[in-house]
Amino acid sequence: MRNIALVIGYDGTGYYGFQTQPGGNTVQDHLEAAIRLLTGETVKLHGSGRTDAGVHARAQVAHFLTESAIPIERWSIALNTRLPNDIVVYEAWEMPLDFHARRSAKLKTYRYVIQNSKFPDLLYTRTRFHHPRKLDTAAMKEALTYVKGTHDFTSFCTVRCDKDSRVRTIYDADLLVLHDPLPGDELARSIHFEITGNGFLYNMVRIMAGTLIQIGQGKRRPEDMKRILEAKNRRLAGPTAEAHGLTLWRVEYD
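Worth saying up front: this structure is predicted, and the values here are computed from it rather than measured.

*Asks:* What exactly am I supposed to notice about the overall build of the protein chain here?
*Replies:* Scanning the protein chain from terminus to terminus reveals five helices and ten strands. Scaling as 2.2 N^0.38, a compact globule of 254 residues should have a C-alpha radius of gyration of about 18 Å, and the protein chain matches this with 19 Å. For the protein chain, the share of sequence-separated contacts (at least 6 apart) that also reach a separation of at least 24 residues comes to 71%. Accessible area of the protein chain: about 12600 Å², with a carbon and sulfur share of 52%.

Shown next, in the form of structure tokens:
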């Protein structure tokens, strides 16, 4: 028996999320079908995390057990010829049998991207949330200083969150602003909200992004982020930002 880990990227626009569900059409469904076509085995794929419908991944990690003797260097190419064009296996690794893509993960990084310009940039409409009015990025950046550290993130978790503990540690949270002029809009830019932690609650990053956008609009002050966090009340936070702006950026292991 072998334990194979895959590093996967996907455009989540056309899928109902990563994890298998009764309605089908998930990234996991397509990966398991590709493995079945390749090896003849029906395997169970375990992802490092669940991404919602419409959310993307630059480097999702998943593992499965197989009895196939296919050399490790052939897995990526062999699977990619059996996958849709919007799912790509970048790497395959032979791992110890006790490796688990989710339980062995130490850090995860998500990135939420806002296209801050008069009109959308058509090259990024599937992966960036368009906001036409200028946002105060200095205020947004200041607000992120309050989420670093170990906190109870109940205020930034959907009411459907089923985790016993809502305490998570955020190691880094920052904004990167890129000047990216468009025809007729020399001030166009993209705002990249990147956050790294030891784990995330359901919709946590998207709720943070929605709150940050309100701070950038001047509807809230940067210090409101601290007040919302301490209240442990979802109703005090901002809206859940659109799914298509979010990407699982990387997963790190020992």
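*Asks:* What's the story with the layout of surface pockets in this structure? I'm lost.
*Replies:* The calculated volume of the second largest pocket comes to roughly 350 Å³. Elements with a minimum of two residues in the lining of the second largest pocket: β1 (2-10), β3 (56-66), β4 (87-95), β5 (107-116) and β10 (246-252). Examining the composition of the lining of the second largest pocket, we find that three residues originate from one element, β3, more than from any other. Its residues assigned to classes, the lining of the second largest pocket shows seven nonpolar, six polar and five charged.

*Asks:* Before we go on, may I ask you to explain empty space enclosed by the protein in this structure?
*Replies:* The gaps of empty space that remain are located by a probe, the size of a water molecule, rolled over the atoms. The tally for this structure, following the rule as stated, stands at one cavity of 30 Å³ or more. Taken as a whole, the largest cavity holds about 30 Å³ of empty space. In terms of lining, the largest cavity is formed by Tyr112, Ile114, Met140, Leu175, Phe193, Ala209, Leu212 and Ile213. With three residues, the single largest contributor to the lining of the largest cavity is helix α4 (residues 204-217).

*Asks:* Which parts of the structure should I look at to understand the packing of aromatic side chains?
*Replies:* How two aromatic rings sit relative to each other is set out by the distance from centre to centre and by the angle between their planes. Counted according to the given criterion, the structure contains four aromatic pairs. Between tyrosine 10 and phenylalanine 18, the ring centres sit 6.1 Å apart and the planes meet at 25°, which makes this aromatic pair stacked. Given a relative accessible area of 5%, tyrosine 10 falls into the buried group. Here phenylalanine 64 and tryptophan 75 contribute two aromatic rings whose centre-to-centre distance is 5.5 Å and whose plane-to-plane angle is 65°, an arrangement assigned as edge-to-face. Highlighted residues: phenylalanine 64 in strand β3 and tryptophan 75 in helix α2 (residues 75-80), separated in sequence by eleven residues. Judged by its relative accessible area of 0%, phenylalanine 64 falls in the buried class. With a relative accessible area of 0%, tryptophan 75 lands in the buried category. In this arrangement the basic side chain of arginine 111 is found over the ring face of tryptophan 249, its NZ or CZ atom lying 4.1 Å from the centre. If you follow arginine 128 out to its NZ or CZ, it ends over the ring of tyrosine 124, 3.6 Å from the centre.

*Asks:* Hey, could you run me through the environment of asparagine 116 in this one?
*Replies:* If you trace the backbone, asparagine 116 turns up in strand β5. Beyond its immediate stretch of four places on either side in the chain, asparagine 116 contacts His131, Pro132, Arg133, Lys134, Leu135, Leu187, Ala188, Arg189 and Ile191. Within the local environment of asparagine 116, its side chain forms a polar contact with the backbone oxygen of arginine 133, the two atoms lying 2.8 Å apart.

*Asks:* Honestly, the side chain of histidine 100 in this entry has me stumped. Any pointers?
*Replies:* Mapped onto the elements, histidine 100 comes out in the loop between β4 and β5. One polar contact links the side chain of histidine 100 to the main-chain amide nitrogen of arginine 103, over a distance of 3.1 Å. Setting aside residues up to four positions removed in sequence, histidine 100 forms contacts with His46, His63, Ala105 and Tyr253.

*Asks:* Would you take a moment to explain the packing of helix α3 (residues 137-144) against α4 for this structure?
*Replies:* Between two packed helices, the angle of one axis relative to the other and the distance separating the axes together describe the packing. Look at α3 against α4: their axes get within 7 Å of each other, and the N-to-C directions meet at 135°. Between α3 and α4, the angle falls in the class oblique. Helix-helix and strand crossings are classified by hand; for α3 and α4 the assignment is right-handed. Where α3 approaches α4, its residues Ala139, Met140, Ala143 and Leu144 are matched on the opposing element by Leu212, Ile215 and Gly216.

*Asks:* Help me understand the side chain of asparagine 3, please; the structure alone is not making it clear to me.
*Replies:* Mapped onto the elements of the fold, asparagine 3 is located in strand β1. Of note is the side chain of asparagine 3, whose polar atom sits 2.9 Å from the backbone oxygen of proline 96. Among all residues touching asparagine 3, those that are not within four sequence positions of it are His63, Phe64, Leu65, Trp93, Glu94, Met95, Pro96, Leu97 and Phe99.

*Asks:* Please explain the pairing of β10 as it appears in this structure.
*Replies:* Residues in a regular strand point their side chains to alternate faces of the sheet. By the criterion of burial, β10 is predominantly enclosed, with five of the seven residues buried. Note that β3 and β10 share two bridges and pair parallel. Among the inter-strand pairings, histidine 56 is bridged to a residue of β10, identified as threonine 247. Bridge count for β5 against β10 is six bridges, and the pairing is antiparallel. Across the sheet, the residue bridging to threonine 109 is arginine 250, located in β10.

Reading the values: rules and limits
- Residues numbered from 1 in each chain as written.
- Predicted model: local features only at pLDDT ≥ 70, side-chain atom pairs only at ≥ 80, totals over all residues.
- Heavy atoms only, no water.
- Helix = DSSP H or I, 4+ residues; strand = E, 2+ residues; numbered from the N terminus.
- Rg over C-alpha atoms; globule rule 2.2 N^0.38 Å.
- Contact = heavy atoms within 4.5 Å.
- Areas by Shrake-Rupley, 256 points an atom, 1.4 Å probe, with all protein chains shown as cover.
- 1 Å grid on protein atoms, 1.4 Å probe; cavity = no way out; pocket = protein on both sides within 12 Å on 5 of 7 lines; lining within 4 Å.
- Points joined across faces, edges and corners; volume = space filled by probe spheres on them.
- Nonpolar A, V, L, I, M, F, W, Y, C, P; charged D, E, K, R; others polar.
- Phe/Tyr/Trp six-rings, centres within 6.5 Å; stacked < 30°, edge-to-face > 60°.
- Buried < 20%, exposed > 50% of the residue type's maximum accessible area, 1.4 Å probe, protein only.
- Lys NZ or Arg CZ within 6 Å of the ring centre and 35° of its normal.
- Polar contact = N/O pair within 3.5 Å; in protein donor to acceptor, adjacent residues only side chain to side chain.
- Axes fitted to C-alpha atoms, helices over the stretch in contact; angles between N-to-C directions.
- Parallel < 35°, antiparallel > 145°, perpendicular 65-115°, else oblique.
- Left-handed = near helix turned anticlockwise from the far one by under 90°.
- Pairing = 2+ DSSP bridges.

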